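Here is how the chains run, residue by residue.
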Amino acid sequence: MPTDPITTSQPYAPDSTDERFMRLALEEADRAAEEGEIPIGAVAVANGEVIARAHNRREADRDPTAHAELIAIQAAARAVGAWRLSGVTLYVTLEPCSMCAGALVLARVDRVVFGTRDPKAGAVGSLMNLLQDDRLNHRAALTSGILEDACREKIQNFFRALRQRRE
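Conventions adopted
- Residues numbered from 1 in each chain as written.
- Predicted model: local features only at pLDDT ≥ 70, side-chain atom pairs only at ≥ 80, totals over all residues.
- Heavy atoms only, no water.
- Buried < 20%, exposed > 50% of the residue type's maximum accessible area, 1.4 Å probe, protein only.
- Helix = DSSP H or I, 4+ residues; strand = E, 2+ residues; numbered from the N terminus.
- Pairing = 2+ DSSP bridges.
- Right-handed = clockwise from strand over helix to strand, strands pointing away.
- Disulfide = S-S within 2.5 Å.
- Core = buried A, V, L, I, M, F, W, Y, C linked by side-chain atoms within 4.5 Å.
- Salt bridge = Lys/Arg side-chain N within 4 Å of Asp/Glu carboxyl O.
- Axes fitted to C-alpha atoms, helices over the stretch in contact; angles between N-to-C directions.
- Parallel < 35°, antiparallel > 145°, perpendicular 65-115°, else oblique.
- Contact = heavy atoms within 4.5 Å.
- Nonpolar A, V, L, I, M, F, W, Y, C, P; charged D, E, K, R; others polar.
- 1 Å grid on protein atoms, 1.4 Å probe; cavity = no way out; pocket = protein on both sides within 12 Å on 5 of 7 lines; lining within 4 Å.
- Points joined across faces, edges and corners; volume = space filled by probe spheres on them.
- Lys, Arg positive; Asp, Glu negative; His and termini not counted.
- Polar contact = N/O pair within 3.5 Å; in protein donor to acceptor, adjacent residues only side chain to side chain.

K.L.:
Please set out the pairing of strand β4 (residues 111-116) residue by residue, giving values where relevant.
P.N.:
In terms of burial, β4 is largely enclosed, as 6 of its 6 residues are buried. Note: strand β3 (residues 88-94) against β4, 5 bridges, orientation parallel. Looking at β4, one finds that Tyr 91 is bridged to Val 113. In this view, the connection linking β3 to its parallel neighbour β4 by way of helix α4 (residues 98-106) has right-handed handedness.

Here it is, written out as structure tokens:
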């Protein structure tokens, strides 16, 4: 089984728990697309149970911070009744940006699992790795590439369709 070079937790295994929860994040991405949002979904899990689900809402909320990860972090904090999200794993279809990665560090999320990289804005491996920066007071375990093709295709198809509508 291949291990992603930035993975600090268990290597990916087909039909794993990670894959099951990433499928839920993909469902959230579908909801975002149905609403005309960039199709990114996130699911927060604690003790093997989903405690929060979210998708991008920047257009609907007219809010540049309404990323799936931030909405999921807020919902997870409400679910556990604390801002510290120790014991929580966040599954997200796209590599988090610097804003979201910073929030994940500040929320003390234990682990982040993402589907596909974001070479233009990804801040957990592509441009930098905020989640594992030794200068910060918290580091999260990181796994990438779970259902990578499905996650990448969802975003590519969304932007392809958007370009076609504009032509």
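K.L.:
Just give me the short version of the state of the cysteines, but keep the residues and values in it.
P.N.:
In the structure shown here, the tally under the stated rule is 0 disulfides. No disulfide involves Cys 100; its sulfur sits 3.7 Å from that of Cys 97, the nearest cysteine.

K.L.:
Could you give an account of the nonpolar core, naming the residues involved and the relevant values?
P.N.:
Ile 73, Leu 85, Leu 90, Leu 104, Val 109 and Leu 131 are the most contacted members of the largest nonpolar core, which totals 34 residues. Contributing elements (two or more residues each) for this core: β1 (41-46), β2 (49-55), α3 (68-80), β3, α4 and β4. Broken down by element, the residue count for this core peaks at 6 residues, all from α3. Core analysis: the next-biggest nonpolar cluster, separate from the first, contains 12 residues, Met 22, Leu 26, Val 45 and Ile 146 among them.

K.L.:
Tell me what's going on with unusual backbone geometry, and back it up with residues and numbers.
P.N.:
Phi at Asn 47 takes a positive value of approximately 55°, unusual for a residue other than glycine. Among the structural elements, Asn 47 can be located in the loop between β1 and β2. The class of Asn 47 is exposed, set by a relative accessible area of 78%. Unlike most non-glycine residues, Arg 108 shows phi in positive territory, near 65°. Mapped onto the elements of the fold, Arg 108 is located in the loop between α4 and β4. With relative accessibility at 18%, the residue Arg 108 sits in the buried group.

K.L.:
I'd like a description of the pattern of salt bridges, backed by residues and values.
P.N.:
Taken as a whole and judged by the stated rule, the model has 12 salt bridges. Put simply, Lys 154 and Asp 30 hold a salt bridge, and the shortest N to O gap is 2.5 Å. Remark: Asp 30 occurs in helix α1 (residues 17-34) and Lys 154 occurs in helix α5 (residues 148-166); sequence separation between them is 124 residues. Several salt bridges share partner residues, and in doing so they unite Glu 27, Glu 28, Arg 31 and Arg 53 into one network.

K.L.:
Summarise the packing of α1 against α5; cite the residues concerned and give the values.
P.N.:
Viewed as axis vectors pointing N to C, α1 and α5 meet at an angle of 5°, and their least axial separation amounts to 11 Å. On the basis of the axis angle, α1 is roughly parallel to α5. Here α1 contributes Met 22, Leu 26, Ala 29 and Asp 30 to the contact with α5, which in turn contributes Ala 150, Cys 151 and Lys 154. Across the contact of α1 with α5, the residue classes break down as 5 nonpolar, no polar and 2 charged.

K.L.:
Hey, could you go over the layout of surface pockets for me, with residue numbers and the actual values?
P.N.:
Estimated volume of the largest pocket: approximately 520 Å³. What lines the largest pocket is a set of 20 residues, and nearest its centre among them are Ile 40, Leu 94, Asp 118, Ile 155 and Phe 159. Residue contributions to the lining of the largest pocket peak at 4 residues, all from α5.

K.L.:
Quick one: what's the story with the side chain of Glu 95, residue by residue and with numbers?
P.N.:
Within the element layout of this structure, Glu 95 appears in the loop between β3 and α4. For the buried Glu 95, no salt bridge is present, and the opposite-charge side chain at shortest range is Arg 117, 4.6 Å distant. Polar contacts involving the side chain of Glu 95 include one to the main-chain amide nitrogen of Val 124, which spans 3.0 Å.

Function-wise, these values are silent; they only describe arrangement.
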